[in-house]
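This is what each chain is made of:
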Amino acid sequence: MATQLLFSLLGPEVEDADEETFLLFSQEIPSQNLGFVDARSSSLDLTVAGKDYVIHQSPAVLSSNRAGGTTGAVLWKVTPMFADWISSPANPLWKTGVLAPTSTVIELGCGISGLTGMVLAQSVSRYVLTDQPYVSKWIDTNLAENSANLSAPGTATRRRKGKGAAAPPSGNVAFTPLDWELDEVTSSLTGSDAVRSFDVVIACDCIYNDALIRPLVQTCVDVCKLRASADEAAESRQPQKEPTLCIVAQQLRDPEIFEGWIKEFHRHFHTWRIPESHLSDALRSNYGFVIHVGILRTTPLESHY
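This one's a predicted model, so the numbers in the text were calculated from it and none came from an experiment.

Conventions used here
- Residues numbered from 1 in each chain as written.
- Predicted model: local features only at pLDDT ≥ 70, side-chain atom pairs only at ≥ 80, totals over all residues.
- Heavy atoms only, no water.
- Pairing = 2+ DSSP bridges.
- Helix = DSSP H or I, 4+ residues; strand = E, 2+ residues; numbered from the N terminus.
- Axes fitted to C-alpha atoms, helices over the stretch in contact; angles between N-to-C directions.
- Contact = heavy atoms within 4.5 Å.
- Core = buried A, V, L, I, M, F, W, Y, C linked by side-chain atoms within 4.5 Å.
- Buried < 20%, exposed > 50% of the residue type's maximum accessible area, 1.4 Å probe, protein only.
- Left-handed = near helix turned anticlockwise from the far one by under 90°.
- Nonpolar A, V, L, I, M, F, W, Y, C, P; charged D, E, K, R; others polar.
- Salt bridge = Lys/Arg side-chain N within 4 Å of Asp/Glu carboxyl O.
- 1 Å grid on protein atoms, 1.4 Å probe; cavity = no way out; pocket = protein on both sides within 12 Å on 5 of 7 lines; lining within 4 Å.
- Points joined across faces, edges and corners; volume = space filled by probe spheres on them.

Honestly, the sheet that holds strand β8 (residues 269-273) in this entry has me stumped. Any pointers?
Backbone hydrogen bonds hold the strands of a sheet together, and the pairing may be parallel or antiparallel. Taking strand neighbours across the sheet as the criterion, the 7 strands line up as β5-β4-β3-β6-β7-β9-β8 in an open arrangement whose pairing is mixed. One side of each edge strand has no neighbouring strand; the edge strands of this open sheet are β5 (173-177) and β8. On average, adjacent strands in this sheet sit at an angle of 20 degrees to one another, irrespective of strand direction. Here 7 bridges tie strand β7 (residues 245-251) to strand β9 (residues 289-296), and the two strands are oriented antiparallel to one another. Note that in β9 the partner of Gln250 across the bridge is Val290. Where helix α10 (residues 255-268) meets the sheet, its contacts fall on β7, β8 and β9, and the angle it forms with β8 comes to roughly 125 degrees.

Looking at this structure, I do not really get the nonpolar core. What am I missing?
Counting 54 residues, the largest nonpolar core has Leu245 and Ile247 as its most contacted members. Per element, the largest residue contribution to this core is 6 residues, and it comes from helix α4 (residues 78-86). Residues Phe198, Val201, Leu252 and Trp261 belong to the second largest nonpolar core, which totals 33 residues.

How should I be thinking about the packing of helix α2 (residues 17-25) against α10 in this particular structure?
Helix packing geometry: the angle between the two helix axes and the distance between the axes. The interhelical angle for the contact between α2 and α10, taken along N-to-C directions, is 145 degrees, at an axis separation of 9 Å. Crossing hand, α2 versus α10: right-handed. Note on element contacts: α10 touches α2 through Pro255, Phe258, Glu259, Ile262 and Lys263, opposite Ala17, Asp18, Glu20, Thr21, Leu24 and Phe25. Residue classes in the contact of α2 with α10 are distributed as 6 nonpolar, 1 polar and 4 charged.

Just to check I follow, could you spell out the pairing of strand β4 (residues 126-131) for this structure?
In regular strands, side chains alternate between the two faces of the sheet. Across the 6 residues that make up β4, a large majority, 6, are buried. Residues Arg126, Val128 and Thr130 of β4 are buried on one face, and the alternating residues Tyr127, Leu129 and Asp131, pointing to the opposite face, are buried as well. In this structure, strand β3 (residues 104-108) lies alongside β4, joined through 4 bridges in parallel fashion. Bridge pairing links Glu107 to Leu129 in β4. In terms of strand pairing, β4 meets β5 through 5 bridges, oriented parallel. Bridge pairing links Leu129 to Phe175 in β5.

Please clarify how unusual backbone geometry should be interpreted in this entry.
Residues apart from glycine generally show negative phi values, whereas peptide bonds are mostly found in trans. For Ala49, which is not a glycine, the phi torsion comes out positive at approximately 55 degrees. Mapping Ala49 onto the fold places it in the loop between β1 (43-48) and β2 (51-56). Phi is positive for Asp205, close to 55 degrees, though the residue is something other than glycine.

Looking at this structure, how should I read the pattern of salt bridges?
Pairing between side chains of opposite charge can happen when their charged atoms approach one another. Counted under the stated rule, the structure contains 8 salt bridges. The partner of Arg273 in a salt bridge is Glu20, and the shortest N-O contact between them spans 2.7 Å. Separated by 253 residues along the polypeptide, Arg273 in strand β8 and Glu20 in helix α2 bring together distant segments of the chain. Within this structure, Asp18, Glu259 and Lys263 form a network of salt bridges that share partners.

Hey, could you run me through the layout of surface pockets in this one?
Where empty space is left in the structure can be found by rolling a water-sized probe over the atoms. The calculated volume of the second largest pocket comes to roughly 400 Å³. Lining the second largest pocket are 18 residues, and of these Glu242, Pro243, Thr244, Ile295 and Leu296 sit closest to its centre. Among the elements of the structure, α1 (2-10), α9 (213-233), β8 and β9 are those that each provide at least two residues to the lining of the second largest pocket. Sort the elements by how many residues they give to the lining of the second largest pocket and α9 lands first, with 4 residues. Class assignment of the residues belonging to the lining of the second largest pocket gives a composition of 8 nonpolar, 5 polar and 5 charged.

See below:
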């Protein structure tokens, strides 16, 4: 199985959430401030995985008092680095076949940019971006602005801002509103009657508020459970699919917030940290960034906190 091959490559499973917190935060972590790329600019020019992107964002919404949060209104530093890493053929997810051209991926808390979706959608079957409804107009703008990249997979582009924005966005990346606290996770999120579950769920720098830890982890659980439901509904003669892999990338900021997340995540998921040897230099944890992956447990561990 592809996931078993991946885990053998990653090494020992995380057994103790407290120890994982200590190991990560006992090292010297350079200051990244909050982790915005540039919170004052309304647009950003980036090069990711050999292609140029223009990302529109909203400093005004970030600084507003909007109910429900505003952190998704601008691009965070970890996102371009994560997008570059996860799209690389040298990535262990691609090497082991966990990610493949047939994969269907969902991202939770994608924010205004849709950047990881735009980069990875060029290599997978379908990529579903999700977040609160307010980000949708920026997602639409960014998909249109960068449509030249999406419509020409595998080709590098060098263009000025605004060029190619009239072309329609790629059909295999789409945005769907999903509130972790209010909305139900169903197979309709795939956007396809033929696909009833996801191969991979991604959360990139979504862990900054302890009140959202349980809703986020529960949403991850619910997405992963779609795979079991889909297998039960499939005809018995069809081979059982790999379990859904959950990937969580984040900047290390507050040890208490991280500890709250890793305890809740580890309770529901068999958990591995991606070793530094399998990360790009920019993403290594001694630079303040870390990626964990998990497979849903059959039964959650008993909570002791």
